[in-house]
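# Commentary on secondary and tertiary structure
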Amino acid sequence: ALEDASFISKVGENFYRKLLNQTMQRFDALRALNANDPGIGVRQARILIKHHLAFEGDYAYKRAHQILNESLKANPYHVDSIIALSRLQQAEGQSAEALQTIKRARRYVLARRDSQLIHIELLRQLAPPQVVAELDSIEKEFRNLRLSSETAMDSQRNFSELDIKL
C-alpha cells in the first residue's frame, strides 16, 4: 500500500484510476481472446484485490469473484484460481469460508505440486504472522519446480526435499 501511495502522489489519483481502468479493459479483452487460460483471470483478480480501494464500493471484490468463477469454470483444478479465491475471501473478512475453499480443494487437486501449494496456503491461513515469510519462500520453491518439470529435469528429488520442509 505504501508503494501505491507513493506512486499515486507522483502521478495523481485521476491518472492512477484511469490507468487501473485501462488495465482492467485490457485484461477483459485478453481473457476474451484466451478463454481457456485461467491464469490471466488470476492476474486480473489479484490486481483488483490489491487496488480495491481505488474502485467504488465493493466493485473490485465483486468483479474479482466473477473473474475467478469464470477461471474456475474454464479449469476447476487450477490451483492459482483456487488460492486467489481463498485470498479474496480472506480480504473480504470471510476467513472461515476462505479456509473451507482450501480444505475442499485438498480433496480434488491431484497433481503433487498443486496439492503442496494448496497445503502451503492452508498452513499460511492458520500460521502465525512470523511463519508466513518462510511459507512464502517454500511456495516460491514449489512454483519453480514447475519450470524444472517443464524442461524435463528430474524434479522428484526436489519435491521430496520440499516435502520435508513442510
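Residues numbered from 1 in each chain as written. Predicted model: local features only at pLDDT ≥ 70, side-chain atom pairs only at ≥ 80, totals over all residues. Heavy atoms only, no water.

### Topic: the environment of Asp 80
Position of Asp 80 among the secondary structure elements: in helix 5 (residues 79-91). For Asp 80, a relative accessible area of 14% corresponds to the buried category. Each C-alpha atom of the pair Asp 80 and Leu 68 lies 9.6 Å from the other, and the pair is 12 residues apart in sequence. Once residues lying within four places of it in the same chain are set aside, the contact partners of Asp 80 are Val 42, Arg 46 and Arg 143. In this structure the side chain of Asp 80 is engaged in a polar contact, spanning 2.6 Å, whose partner is the side chain of Arg 143. (Helix = DSSP H or I, 4+ residues; strand = E, 2+ residues; numbered from the N terminus. Buried < 20%, exposed > 50% of the residue type's maximum accessible area, 1.4 Å probe, protein only. Contact = heavy atoms within 4.5 Å. Polar contact = N/O pair within 3.5 Å; in protein donor to acceptor, adjacent residues only side chain to side chain.)

### Notes on the packing of helix 4 (residues 59-74) against helix 5
At a closest axis distance of 10 Å, the pairing of helix 4 and helix 5 adopts a crossing angle of 160°. As judged from the angle between their axes, helix 4 and helix 5 are roughly antiparallel. The handedness of the crossing between helix 4 and helix 5 comes out as left-handed. Residue-level contacts link Tyr 61, Ala 64, His 65, Leu 68, Ser 71 and Leu 72 of helix 4 to Ser 81, Ile 82, Ala 84, Leu 85, Leu 88, Gln 89 and Ala 91 of helix 5. (Axes fitted to C-alpha atoms, helices over the stretch in contact; angles between N-to-C directions. Parallel < 35°, antiparallel > 145°, perpendicular 65-115°, else oblique. Left-handed = near helix turned anticlockwise from the far one by under 90°.)

### What to know about the pattern of salt bridges
Close approach of charged atoms lets side chains of opposite charge pair. Considering all chains together, one arrives at 12 salt bridges under this definition. One salt bridge in this structure joins Arg 87 and Glu 139, with 3.7 Å as the shortest N-O distance. Taken together, the positions of Arg 87 in helix 5 and Glu 139 in helix 8 (residues 129-150) put the pair 52 residues apart, joining distant regions of the chain. For Arg 87, a relative accessible area of 31% corresponds to the partly exposed category. (Salt bridge = Lys/Arg side-chain N within 4 Å of Asp/Glu carboxyl O.)

### Let's talk about the confidence of the model for the protein
For the protein, mean pLDDT is 85; residues scoring 70 or higher make up 84% of the total. Confidence, expressed as mean pLDDT per element, reaches its minimum in the protein at helix 9 (residues 156-165) with 58 and its maximum at helix 5 with 97. (pLDDT = per-residue confidence, 0-100.)

### Considerations on the packing of helix 3 (residues 38-50) against helix 5
Viewed as axis vectors pointing N to C, helix 3 and helix 5 meet at an angle of 20°, and their least axial separation amounts to 9 Å. Of the possible angle classes, the one that applies to helix 3 and helix 5 is roughly parallel. Regarding helix 3 and helix 5, the two cross each other, and that crossing is left-handed. Contacts between helix 3 and helix 5 involve Pro 38, Val 42, Arg 46 and Ile 49 from the former and Asp 80, Ser 81, Ala 84, Leu 88 and Ala 91 from the latter.

### Looking at helix 4
One full turn of an α-helix is made of 3.6 residues, so residues set three or four places apart face in the same direction. In a regular helix each residue adds 1.5 Å, so 16 residues correspond to 22 Å; helix 4 covers 23 Å between its end C-alpha atoms and thus fits that length. Within helix 4 the residues assigned to the buried category are Ala 60, Tyr 61, Arg 63, Ala 64, Ile 67, Leu 68, Ser 71 and Leu 72. Considering only its buried residues, helix 4 is in contact with helix 2 (13-33), helix 3 and helix 5. (Expected span 1.5 Å × (residues − 1).)

### Things to note about the nonpolar core
By size, the foremost hydrophobic cluster in this structure holds 36 residues, and its most contacted members are Leu 48, Phe 55, Leu 68, Ile 82 and Ile 118. Elements represented by at least two residues in this core include exactly helix 2, helix 3, helix 4, helix 5, helix 6 (95-108), helix 7 (112-126) and helix 8. Dropping the residues within four chain positions of it, Phe 55 is found in contact with Arg 17, Leu 20, Asn 21, Met 24, Leu 48 and Ala 60. (Core = buried A, V, L, I, M, F, W, Y, C linked by side-chain atoms within 4.5 Å.)

### Describing the packing of aromatic side chains
Throughout the structure, instances matching the rule amount to two aromatic pairs. Centroid distance Phe 55 to Tyr 59: 5.6 Å. Interplanar angle 40°. Geometry classified as tilted. Here the aromatic rings of Tyr 77 and Tyr 108 are separated by 5.8 Å at their centres, their planes lie at 70°, and the arrangement is edge-to-face. Here Tyr 108 lies in helix 6 and Tyr 77 lies in the loop between helix 4 and helix 5, a separation of 31 residues in the sequence. (Phe/Tyr/Trp six-rings, centres within 6.5 Å; stacked < 30°, edge-to-face > 60°.)

### Side note on helix 3
Compared with an ideal rise of 1.5 Å per residue, which puts 13 residues at 18 Å, helix 3 spans 18 Å between its outermost C-alpha atoms and is within 8% of the ideal. Taken residue by residue, helix 3 has Pro 38, Gly 39, Ile 40, Gly 41, Val 42, Gln 44, Ala 45, Leu 48 and Ile 49 as its buried positions. The secondary structure elements touched by the buried residues of helix 3 are helix 2, helix 4 and helix 5. Among the residues of helix 3, the N-terminal cap falls to Asp 37, whose side-chain oxygen and the backbone nitrogen of Gly 39 are separated by 3.1 Å.

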